[in-house]
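Below, each chain spelled out in residue letters.
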Amino acid sequence: KAGVTQTPRYLIKTRGQQVTLSCSPISGHRSVSWYQQTPGQGLQFLFEYFSETQRNKGNFPGRFSGRQFSNSRSEMNVSTLELGDSALYLCASRKTGTLDEQYFGPGTRLTVT
Amino acid sequence: AQSVTQPDIHITVSEGASLELRCNYSYGATPYLFWYVQSPGQGLQLLLKYFSGDTLVQGIKGFEAEFKRSQSSFNLRKPSVHWSDAAEYFCGEVTGGGNKLTFGTGTQLKVEL
């Protein structure tokens, strides 16, 4: 069974631009979560989508948004990029509920210059 | 505030020596706890999880963890470390009504040959 895939793996953007990252969950998994990883703040939860609905959201500004499609694939968007948005963005999928473990993708490395 | 604490930022052990990585949680009366490992440039791989039952949990790659409610701890152990275990280890707790993982700051493990 294929794992969680994220595209692109690496991205360089300029401050003020916007970016869209994509995540394809493991087949059969209906929940997708996004995390931001930086050296200073560590791993921080962005949001979770389940059946195309946002189920939970972390403490990030409104510039960070996401969505989920009917096939469970998810995208996250960051508008008006700032230097501090440079990070590894990790996507994780799980089947449905609380007791299901999350499986992580390799991440998208975003660099904002 | 919900938090997961990993007191050790860096740990160095010799190959073949035993290992213990510390983790303290604070969120739930019935915590759902995880340990993940991250190799450079990779996503997170689940080592083991604890939901209930036996307080000594076995995971992959020869790792185990012991849940101690009295100490709010979930320490990761391995009897004999291999050079390939060098990586960053994250302890996590399910929070936010069950829909997100809150991670500790991670422990970077270095293995000396």
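Description of the structure in this document. (Residues numbered from 1 in each chain as written. Chains lettered and ligands numbered in written order. Predicted model: local features only at pLDDT ≥ 70, side-chain atom pairs only at ≥ 80, totals over all residues. Heavy atoms only, no water.)

1. Here's the deal with the pattern of salt bridges
Across all of its chains, the model carries 11 salt bridges over all chains by this definition. Note that Glu101(A) and Lys49(B) form a salt bridge whose closest N and O atoms lie 2.4 Å from each other. Taken together, the residues Glu101(A) in the loop between strand S9 (87–94) and strand S10 (103–104) and Lys49(B) in strand S6 (residues 44–50) connect one chain to another. Glu101(A) gets classed as buried once you look at its relative accessible area, which sits at 17%. For the salt bridge of Arg77(B) with Glu66(B), the shortest nitrogen-to-oxygen distance reads 3.0 Å. Taken together, the residues span a long stretch of sequence, with Arg77(B) in strand S9 (residues 73–78) and Glu66(B) in strand S8 (residues 64–68) at a distance of 11 residues. (Salt bridge = Lys/Arg side-chain N within 4 Å of Asp/Glu carboxyl O. Helix = DSSP H or I, 4+ residues; strand = E, 2+ residues; numbered from the N terminus. Buried < 20%, exposed > 50% of the residue type's maximum accessible area, 1.4 Å probe, protein only.)

2. With respect to the state of the cysteines
Residue and element names in this part refer to chain A. Taken as a whole, this structure holds two disulfides over all chains when the rule is applied. Disulfide partner of Cys23: Cys91, at an S-S distance of 1.7 Å. In this structure the cystine formed by Cys23 and Cys91 twists about its S-S bond by roughly -55°; its chirality is therefore left-handed. Of this pair, Cys23 sits in strand S3 (residues 19–24) while Cys91 sits in strand S9; the two residues are 68 residues apart in sequence, bridging distant segments of the chain. Here Cys23 falls in the buried class, since its relative accessible area comes to 0%. (Disulfide = S-S within 2.5 Å.)

None of this, on its own, says anything about what the molecule does.
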